Amino acid sequence: MSRRASRPLLAAGLGVAALALLPAAYLVVRATGATAEAWELLFRPRTLGLLGSTLGLALAVTGCATVLSLPLAWLTTRTDLPGRRIWTALLCLPLALPTFVSGYVLLAAFGTGGALEEPLARLGLPVPPVYGFPGALLALTLSTYPYLFLALRAGLLAQDPALLESARSLGLTPARAFWRVTLPLLRPAFASGALLVGLYVLSDFGAVALVQYDAFSRIIYMQYEGAYDRAYAALLGLALVVVTVAVLALEVWVRGRASYHRSARGTSRATAPVRLGRWCIPALALCGGVVSLGVGLPVVILVYWAARGVASGETGVWGPAMNSVLASGLAAVLSVVAALPLAVLGARYPGRLPMLLERSAYVGYALPPIVLALSLVFFGINAAPFLYGTLAMLLLAYLVRFLPQAVGTVRAALLQLSPRLAEAAATLGHSPPSVLRRITAPLMAPGLLAGAALVFLTAMKELPATLLLAPIGFDTLATRVWSATAEGQFAQAAPAALLLLAVSALGVGLLLSQEERARSSQVSG
């Protein structure tokens, strides 16, 4: 079989790559066409202040997430903490909470008219500030610390215990051995986890919008909605992309080029757990406190307001739920279909062009969601007015945003299939599209379903693209939570938020089950 891809396959790959690159390319075109006044606005002191507030929030959230994640990762991997597996699962559950739901929970609990505002006042206790920087910091820290927690856990589990034992044998105390041996070896894990947290904060829209904190994403949305200067909004979006690229470069520098692997072969073995002794109670209190804030409080607040909503007749959630299922289901199917040619080119036809086509799928994912949505708004208004305000435009945004998730799972499934099956079918006279349809796709069904499920679950939570691109009257669960919370209608938002939490929990369960399956296969192998 020739190693050269067929023309239909290449044409399909080029078409998908063009769609994936469309928002980034149009954003650049829009920015270059901005007036001199718009460029002057970009470099005014207010914009620099906006940059400072956005980066300050990202640094603060990353710092707070580190303060939480490092001791939690150490407790669940290196100590005899009771119920370590259960605590690990509970500490990962905030991943199931979209940031705009975290913002909703803070407002519904401690904001004006919140469930805990009056009880705290009766007890003479201060009500925590939830608007502005404090609210954004708390909501985003509780939503993002699991990324750093999981990265640091993986780093601790991968370390060779012999290194720590050698340090102890040289006279170092446990604390000094941790700071001089364990912590430096966690540098790559910290860099990767901090990168995820930082990028998440930079791209977040829901939480900062609800707690009214002026970050890039919120100002971009306000600039577009207010129609003060949409060219200026495009320039702000481009500036946010530049900041994102700078953060990626910073992660490479922090990670460094040092070697962190063992120089000689050895047998991997488990580290003897540290006995907590009298520190067991404080350790359990730390884990319980974080889980209570990250999981317990949201569930209690959502149930409280949902019950009040049902009692007052606020049950109109099924329409938005059906819209969410429709849009997310179509996006899942389209993403898997579009991922097929890119995955086949990348896995079966090594070369520069197939590699570039496959990598192009990740450009849209690198764009912050609000910037991606804004670029498609400009494209729809100026170049494709027949698409603007239709479900097709929303599906295009979902496709560009979540295509990498489908490409990754489809490519992984394809690499597990022997290429000889396709070669045998080709020798029997089947064309490449026929081989893909009749041989490859059926054998890849589990991977295709996994990719579709991942896209579906993620698209259900998408907020900025849905707000800017959904047809008029096309309410989803995400937009219902956002709009109702922005108007202080907590009872109306709660049922939609509960449904979103349940769907997101399925996504986290899928992630944990895949990790457990991978770990089991490694053990059996």
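Each chain carries its own residue numbering, running from 1 in the direction its sequence is written. Side-chain atom pairs in this predicted model are given and counted only at pLDDT of 80 or more, local residue features only at pLDDT of at least 70, and totals for whole chains, interfaces and linings cover all residues. Side-chain measures here rest on the full set of heavy atoms in the structure, leaving out hydrogens and waters.

S.K.: Explain the overall build of the chain to me, using residue names and the numbers behind them.
M.R.: Only DSSP runs of H or I covering at least 4 residues are called helices, and only runs of E covering at least 2 are called strands; the numbering of each starts at the N terminus. Tallying secondary structure elements over the chain gives 25 helices and zero strands in all. Buried residues in the chain amount to 49% of all 525 residues. Contacts are assigned to residue pairs that have any heavy atoms within 4.5 Å of one another. Considering only contacts in the chain between residues 6 or more positions apart, those separated by 24 or more positions represent 82%. Surface summary for the chain: the accessible area is close to 24,900 Å², and the carbon and sulfur share equals 66%. For every residue, the accessible area (1.4 Å probe, protein chains only) is compared with the maximum for its type, and the residue is labelled buried under 20%, exposed over 50%, or partly exposed between those bounds. The Shrake-Rupley method, run with a 1.4 Å probe sphere, supplies the accessible areas, and residue values consider only the shown protein chains as cover.

S.K.: Got a sec to walk through the packing of aromatic side chains? Specific residues and values, please.
M.R.: Only Phe, Tyr and Trp rings are paired, with Trp represented by its six-membered ring, and only when their centres lie within 6.5 Å; those with planes under 30 degrees apart are stacked, over 60 edge-to-face, the remainder tilted. Counted according to the given criterion, the structure contains nine aromatic pairs. With a centroid separation of 5.7 Å and 40 degrees between ring planes, the pair formed by Tyr147 and Tyr200 is classed as tilted. Linking Tyr147 in helix 7 (residues 133–158) with Tyr200 in helix 10 (residues 187–203), this pair joins segments that are 53 residues apart in sequence. Its relative accessible area of 26% is what places Tyr147 among the partly exposed residues. Its relative accessible area of 27% is what places Tyr200 among the partly exposed residues.

S.K.: Before we move on, can you summarise the pattern of salt bridges with the specific residues and values?
M.R.: Just to be clear on terms, a salt bridge is a Lys or Arg side-chain nitrogen sitting within 4 Å of an Asp or Glu carboxyl oxygen. The tally for this structure, following the rule as stated, stands at three salt bridges. In this structure, the salt-bridge partner of Glu118 is Arg122, at a minimum N-O distance of 2.5 Å. Linking Glu118 with Arg122, this pair stays in helix 6 (residues 117–122), spanning four residues, or about one helical turn. In this structure, Arg218 and Asp214 form a salt bridge, with 2.4 Å as the shortest nitrogen-oxygen distance. Judged by its relative accessible area of 32%, Asp214 is partly exposed.

S.K.: Quick one: what's the story with the packing of helix 15 (residues 318–348) against helix 19 (residues 391–415), residue by residue and with numbers?
M.R.: Their axes nearest at 5 Å, the elements helix 15 and helix 19 cross at an angle of 45 degrees. Relative to helix 19, the element helix 15 lies oblique. The way helix 15 lies across helix 19 gives a crossing that is right-handed. Residue polarity follows a fixed list, in which Ala, Val, Leu, Ile, Met, Phe, Trp, Tyr, Cys and Pro are nonpolar, Asp, Glu, Lys and Arg are charged, and the others, Gly among them, are polar. Grouping the amino acids of the contact of helix 15 with helix 19 by side-chain chemistry returns 24 nonpolar, two polar and two charged. Note on geometry: axes are C-alpha line fits, over the in-contact stretch for helices, and angles between N-to-C directions span 0 to 180 degrees. Note that the term roughly parallel is reserved for angles under 35 degrees, roughly antiparallel for angles over 145, roughly perpendicular for angles of 65 to 115, and oblique for everything else. Handedness of a crossing is defined here by the sense of rotation of the near helix relative to the far one, left-handed for an anticlockwise turn of less than a right angle and right-handed for a clockwise turn.

S.K.: Can you lay out helix 10 for me, pointing to particular residues and giving the numbers?
M.R.: Multiply 1.5 Å by the residue count of a helix minus one, and that product is the helix's expected span. Relative to the 24 Å expected for 17 residues at 1.5 Å per residue, helix 10 spans 24 Å between its end C-alpha atoms, a close match to the ideal helical length. Of all the residues in helix 10, the buried ones are Ala189, Ala191, Gly193, Ala194, Leu195, Val197, Gly198, Val201, Leu202 and Ser203.

S.K.: Outline the confidence of the model for the chain, listing residues and values.
M.R.: Regions with low pLDDT carry predicted coordinates that are not meant to be interpreted in detail. A residue's pLDDT is the confidence the predictor assigns to it, expressed on a 0 to 100 scale. For the chain, the average pLDDT comes to 80, and 82% of its residues sit at 70 or higher. Averaged pLDDT values for the elements of the chain fall to 63 in helix 8 (residues 161–169) and rise to 91 in helix 23 (residues 464–469). Here residues 258–268 is a poorly scored stretch, pLDDT under 50, and it has eight contacts once near neighbours within four places are set aside; other chains count.

S.K.: Explain the side chain of Arg218 residue by residue, including any values.
M.R.: Relative to the helices and strands, Arg218 resides in helix 12 (residues 216–226). Look at Arg218 and you get buried, because its relative accessible area is 15%. Excluding its chain neighbours within four sequence positions, the residues that come into contact with Arg218 are Phe205, Val208, Ala209, Gln212 and Tyr213.

S.K.: Can you lay out the packing of helix 1 (residues 7–32) against helix 15 for me, pointing to particular residues and giving the numbers?
M.R.: Close contact between helix 1 and helix 15 brings their axes to 9 Å; oriented N to C, the two are set at 120 degrees. Of the two elements, helix 1 crosses helix 15, and the hand of that crossing is left-handed. Between helix 1 and helix 15, the residues in contact are Leu9, Leu10, Ala12, Gly13 and Val16 and Ala338, Pro341, Leu342, Val344 and Leu345, respectively. The residue makeup of the contact of helix 1 with helix 15, split by class, is nine nonpolar, one polar and no charged.

S.K.: Go over the state of the cysteines, please, and point to the residues and values.
M.R.: Cysteine sulfur atoms are paired as a disulfide whenever they come within 2.5 Å of each other. Under the counting rule described, the total for this entry stands at zero disulfides. Between Cys280, a free cysteine, and Cys287, which holds the nearest cysteine sulfur, the sulfur-to-sulfur gap is 9.5 Å. By relative accessible area, which is 18% here, Cys280 ends up buried. What makes Cys287 buried here is its relative accessible area of 0%.

S.K.: Which residues make up unusual backbone geometry, and what values go with them?
M.R.: The phi torsion at Gln212 lies on the positive side, around 60 degrees, for a residue other than glycine. For Gln212, the position within the fold is in the loop between helix 11 (206–210) and helix 12.

S.K.: An account of helix 19 is requested, with residue identities and associated values reported.
M.R.: Over its 25 residues, helix 19 extends 34 Å from the first C-alpha to the last, a length consistent with the 36 Å expected when each residue adds 1.5 Å. Bending of helix 19 peaks at approximately 55 degrees at the position of Phe402, with proline Pro404 no more than four residues after it. Among the 25 residues in helix 19, 18 count as buried, and that is most of the element. What we call the bend at a residue is the angle made by axes fitted to the seven residues finishing there and the seven residues starting there.

S.K.: An account of the environment of Gly52 is needed here, citing residue identities and associated values.
M.R.: Considering the arrangement of structural elements, one finds Gly52 in helix 3 (residues 45–78). Classification of Gly52 as partly exposed rests on a relative accessible area of 40%. In this structure the C-alpha to C-alpha distance between Gly52 and Phe216, which are 164 residues apart in sequence, comes to 9.9 Å.

S.K.: Tell me about the environment of Tyr147, and name the residues and values.
M.R.: Separated by 47 residues in the primary sequence, Tyr147 and Ala194 place their C-alpha atoms 7.9 Å from one another. Beyond its immediate chain neighbours, meaning those up to four positions away, Tyr147 contacts Leu95, Gly193, Leu196, Val197 and Tyr200.

S.K.: Describe in detail the environment of Ala31, supporting the description with residues and values.
M.R.: Mapped onto the elements, Ala31 comes out in helix 1. Relative accessible area serves as the criterion here: at 1%, Ala31 is assigned to the buried category. With 207 residues separating them in the primary sequence, Ala31 and Leu238 have C-alpha atoms 7.4 Å apart. Among all residues touching Ala31, those that are not within four sequence positions of it are Trp39, Leu235 and Leu238.

S.K.: Would you mind going over the side chain of Ser102 in detail, with residue names and values included?
M.R.: By secondary structure assignment, the location of Ser102 is in helix 5 (residues 99–110). When its relative accessible area of 7% is taken as the criterion, Ser102 is described as buried. In contact with Ser102, not counting residues within four places along its chain, are Leu97, Ala139 and Ser143.

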